[in-house]
Amino acid sequence: MSQIATYTILGIAIGFEVIGTSLLPMTQQFSRLWPTLGMAACYAVAFFCLSITVQVLPVAIVYAVWSGMGVVLIAMVNYVVFRQVLDLWAMLGLVLIVGGVVIINTLSKSVPH
């Protein structure tokens, strides 16, 4: 599988994880059927896509990119949808996370370039 395909599938995994996590509050502790099913389906797709990407890339790298980008995207969704504002320290932490993901993907010899 090409690197473009691998990272595309990883992007799909991240997207579905973000959607699933965004649905989580709407499940109201799994008491609402449709948001719960939607959340579970999104997580299932996300983990299926992750299972494909770890065949090509090291698990640690896949997890770092998936979780790092997921955290940043969830913060953005929470700001837009739920009006949750982050303070300066939280935003600095997110910048550091993104920086770490960029360093891993551009400089690390653990990732094929």
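What comes next concerns the included structure. (Residues numbered from 1 in each chain as written. Predicted model: local features only at pLDDT ≥ 70, side-chain atom pairs only at ≥ 80, totals over all residues. Heavy atoms only, no water.)

## Here we look at the overall build of the protein
Stated precisely, the cut-off is as follows: Elements are defined by DSSP. Helices are runs of H or I of four residues or more, strands are runs of E of two residues or more, and each kind is numbered from the N terminus. Each residue's exposure class comes from its accessible area (1.4 Å probe, protein chains only) as a fraction of the maximum for that residue type: buried when under 20%, exposed when over 50%, partly exposed otherwise. For this analysis, residues touch if any pair of their heavy atoms sits within 4.5 Å.
A tally of regular secondary structure across the protein gives four helices and zero strands. Along its sequence from the N terminus, the protein presents helices and strands in the succession α-α-α-α. Projected onto the principal axes, the alpha-carbon positions of the protein cover approximately 45 × 35 × 20 Å. Per-residue burial over the protein gives 30% buried out of 113 residues. Looking at the protein alone, contacts between residues at least 24 apart form 62% of all its contacts between residues at least 6 apart.

## Details of the environment of Gly 70
By the secondary structure assignment, Gly 70 is in helix α3 (residues 59-82). With 52 residues separating them along the chain, Gly 70 and Val 18 place their C-alpha atoms 6.1 Å apart.

## As for the packing of helix α1 (residues 3-23) against helix α2 (residues 33-53)
When two helices pack together, you describe them by how their axes are tilted relative to each other and by the distance separating the axes. Note the cut-off: As a rule, the C-alpha atoms of each element are fitted with a line to give its axis, helices using only the stretch in contact, and angles between N-to-C directions run from 0 to 180 degrees. With respect to orientation, any angle under 35 degrees is reported as roughly parallel, any angle over 145 as roughly antiparallel, any angle of 65 to 115 as roughly perpendicular, and every other angle as oblique. Should the near helix be turned counterclockwise from the far one by less than a right angle, the crossing is left-handed, whereas a clockwise turn marks it as right-handed. For this classification, Asp, Glu, Lys and Arg are treated as charged, while Ala, Val, Leu, Ile, Met, Phe, Trp, Tyr, Cys and Pro are nonpolar and the rest, including Gly, are polar.
Across the interface, α1 lies against α2 with an axial gap of 8 Å and an inter-helix angle of 160°. When the axis of α1 is compared with that of α2, the two are roughly antiparallel. The way α1 lies across α2 gives a crossing that is left-handed. Contacts from Thr 6, Ile 9, Leu 10, Ile 12, Ala 13, Phe 16, Glu 17, Ile 19, Gly 20, Thr 21 and Leu 23 of α1 reach α2 at Pro 35, Gly 38, Met 39, Cys 42, Tyr 43, Val 45, Ala 46, Cys 49, Leu 50, Ile 52 and Thr 53. Broken down by class, the residue content of the contact of α1 with α2 amounts to 16 nonpolar, five polar and one charged.

## Section: unusual backbone geometry
Even without glycine at this site, Gln 29 takes up a positive phi of about 60°. The phi angle at Phe 30 is positive, at roughly 65°, despite the residue not being glycine. Of note, Phe 30 is situated in the loop between α1 and α2. On the basis of relative accessible area, Phe 30 is assigned to the exposed category, the value being 54%.

## Regarding a nonpolar patch on the surface
Filter applied, for reference: To count toward a patch, a residue needs a relative accessible area above 30% and no salt bridge. Like charges then connect within 9 Å, nonpolar side chains (Val, Leu, Ile, Met, Phe, Trp, Tyr) within 5 Å. For accessible areas, the Shrake-Rupley method is used with a probe of radius 1.4 Å. Any residue's cover is judged against the shown protein chains and nothing else. By convention in these notes, a salt bridge is any Lys or Arg side-chain nitrogen within 4 Å of a carboxyl oxygen on Asp or Glu.
Where nonpolar side chains cluster on the molecular surface, the patch consists of Met 26, Tyr 79, Val 80, Val 81, Phe 82 and Val 85 and spans about 570 Å² of accessible area. Take Val 80: it is sitting in helix α3.

## Overview of the packing of α3 against helix α4 (residues 88-107)
Running from amino to carboxyl end, α3 crosses α4 at an angle of 150°, the nearest separation of the two axes being 9 Å. Classified by the angle between their axes, α3 and α4 sit roughly antiparallel to one another. When you trace α3 past α4, the crossing you get is left-handed. Residues Ile 61, Ala 64, Val 65, Gly 68, Met 69, Val 71, Val 72 and Ala 75 of α3 form the contact with α4, whose participating residues are Leu 94, Ile 97, Val 98, Val 101, Ile 104 and Asn 105.

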